[in-house]
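Structure assessment
Here is how the chains run, residue by residue.
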Amino acid sequence: MKKEAFVTKEQIEEIVKTYPTPFHIYDEKGIKENVKALKEAFAWNKGYKEFFAVKATPNPYLIQILREYGCGCDCSSLTELMLSKAMGVTGEDIMFSSNDTPAHEFAYAAKLGAIINLDDITHIDYLEKTIGYIPKTISCRFNPGGYFSVANSIMDNPGDAKYGFTAEQIMEGFRILKSKGAENFGIHAFLASNTVSNEYYPELARQLFELAVKLKNETGAKITFINLSGGIGIPYKPEDVPNDIRIIGEGVRKAYESILVPAGMGDVAIYTELGRYMMGPFGHLITQAIHEKHTHKEYIGVDACAVNLMRPAIYGAYHHITVLGKENEPCEYKYDVTGSLCENNDKFAIDRMLPKVEIGDYLAIHDTGAHGFAMGYNYNGKLKSAELLLKEDGSVQLIRRAETSKDYFATFDCLDIYKNLDLEV
Ligand SMILES: *Cc1c(COP(=O)(O)O)cnc(C)c1O
């Protein structure tokens, strides 16, 4: 599939007059069309709900777009809970799927009335000691161990993942929770990440539905929802075949009809906690070429670096690059596209074939809408960029300003050194 940027060189030239590069820009139209298609794919399930994985793109203006389509928030930390609450998302519109959870985070989640998804059997006691009761609605995260495969091909390795209860533990956990007053039960599992396959969700659903029937029969627990969590991937590479959400929704429906319905569980709600799939393709990191260097290789130095997008540096992840205005030129030049960190892995692309890049060209780095800005950090004292929203009407809204040196030094404000800093630079 040819990967095309959702902005043009002319648009960016206009935008940089107000907001200098680098910045992340998000495509409102794309986000809306995608969430609509997701909802349609699961419309067969009466209780269906997507809880957007806030950690993927913790920006309230983007999450608000999804809110308009009935999405809730999947939170994993105190500040994500705080952000959701500030947006007016509370109660069972929040799924709190965290692990290794500190007591104060459980306490705040309970105070907001969030659905708590326990990561371990020992967290039953820990939660009860922390908040003084077991909530009426509660969920447990399942990890079957081993490898997760579809048609003999391995997708991921849950046996090596820190998350979740074993099958025996979840059985025991449901009994304990029931004896402590829980009434509505959920099951959650996240067994493979960034799957570019229409088979992942249906296979996961089959496994969880079978477990649900067993849990119901053996513990008498009333299972009200099954949370398929995240893991639906996106085509980062031009040769990747994109998922078809209708086929995925239909595959889950077939599993539901063949396993849950005959077990008298045709009222179970399906939940999802997608992050990457909801936002990933609808963000670009826009950066300008500021240097070229000809040594043992050909380098293009840009004004963004790994603090703006960490995935290539830590996972060697591929992010497609479009040189804006040169979309139709042949890719005849081989470059490493680098940032300025004193780390040799600060490269957005290695040996990438691109059109001839000239200083001043704008590059759109694709698929930064999820796990992009959010993974940012401040190494080398670099500052995080702004986030912009390209609205459906073509206008641009600032949805997070860029960090300033004042932000960077803010945690020194209780110390003497603070008054010696040139914070206006
Ligand atoms: C990260 C995460 C998600 C979202 O995963 P994606 O791959 O972005 O869809 C959902 N649920 C939990 C518990 C997570 O940790």
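The structure presented is a predicted model; accordingly, all values stated were derived computationally and were not measured.

Comments concerning the pattern of salt bridges
What the rule picks out here adds up to 22 salt bridges. Where Lys32 meets Glu28, a salt bridge forms, and the shortest distance between an N and an O atom there is 3.8 Å. Separated by four residues within a single helix, Lys32 and Glu28 lie in helix H2 (residues 28-41), roughly one turn from each other. The exposure class of Lys32 is buried, given its relative accessible area of 13%. For Glu28, a relative accessible area of 9% corresponds to the buried category. Put simply, Lys180 and Glu128 hold a salt bridge, and the shortest N to O gap is 2.9 Å. Here Glu128 lies in helix H6 (residues 122-131) and Lys180 lies in the loop between helix H7 (167-179) and strand E9 (184-188), a separation of 52 residues in the sequence. Each member of the salt-bridge network shares a partner with another, and the members are Lys297, Asp336, Lys347 and Asp351.

What about the site of the ligand?
The local shell around the ligand holds 15 residues, among which Lys55, Glu273, Gly275, Arg276 and His371 are the closest. With the chains in place, 91% of the 380 Å² that the ligand exposes on its own is no longer accessible. Here the ligand occupies the largest pocket. Of the residues in the shell around the ligand, the class split is three nonpolar, seven polar and five charged.

As for the packing of aromatic side chains
Counting across every chain of the model gives 15 aromatic pairs. Measuring from centroid to centroid gives 6.2 Å for Phe96 and Phe106, while their planes differ by 80°, and the two rings are edge-to-face. Highlighted residues: Phe96 in strand E4 (residues 94-97) and Phe106 in helix H5 (residues 103-112), separated in sequence by ten residues. Judged on exposure class, the residue Phe96 and its partner Phe106 are both buried. Plain terms: the ring middles of Phe174 and Phe185 are 4.6 Å apart, the flat faces sit at 40° to each other, and that makes the pair tilted.

Details of the side chain of Arg276
By the secondary structure assignment, Arg276 is in helix H10 (residues 276-279). Of the polar contacts made by the side chain of Arg276, one reaches the side chain of Tyr236; its length is 2.8 Å. Not counting the four nearest positions on each side in its chain, Arg276 is found in contact with Ala56, Ser193, Asn194, Ile232, Gly233, Ile234, Tyr236, Pro281, Arg311, Ala370 and His371.

Calculation criteria
Residues numbered from 1 in each chain as written. Predicted model: local features only at pLDDT ≥ 70, side-chain atom pairs only at ≥ 80, totals over all residues. Heavy atoms only, no water. Salt bridge = Lys/Arg side-chain N within 4 Å of Asp/Glu carboxyl O. Helix = DSSP H or I, 4+ residues; strand = E, 2+ residues; numbered from the N terminus. Buried < 20%, exposed > 50% of the residue type's maximum accessible area, 1.4 Å probe, protein only. Near = heavy atom within 4 Å. Areas by Shrake-Rupley, 256 points an atom, 1.4 Å probe, with all protein chains shown as cover. 1 Å grid on protein atoms, 1.4 Å probe; cavity = no way out; pocket = protein on both sides within 12 Å on 5 of 7 lines; lining within 4 Å. Sits in = over half its atoms within 2 Å of the grid points. Nonpolar A, V, L, I, M, F, W, Y, C, P; charged D, E, K, R; others polar. Phe/Tyr/Trp six-rings, centres within 6.5 Å; stacked < 30°, edge-to-face > 60°. Polar contact = N/O pair within 3.5 Å; in protein donor to acceptor, adjacent residues only side chain to side chain. Contact = heavy atoms within 4.5 Å.

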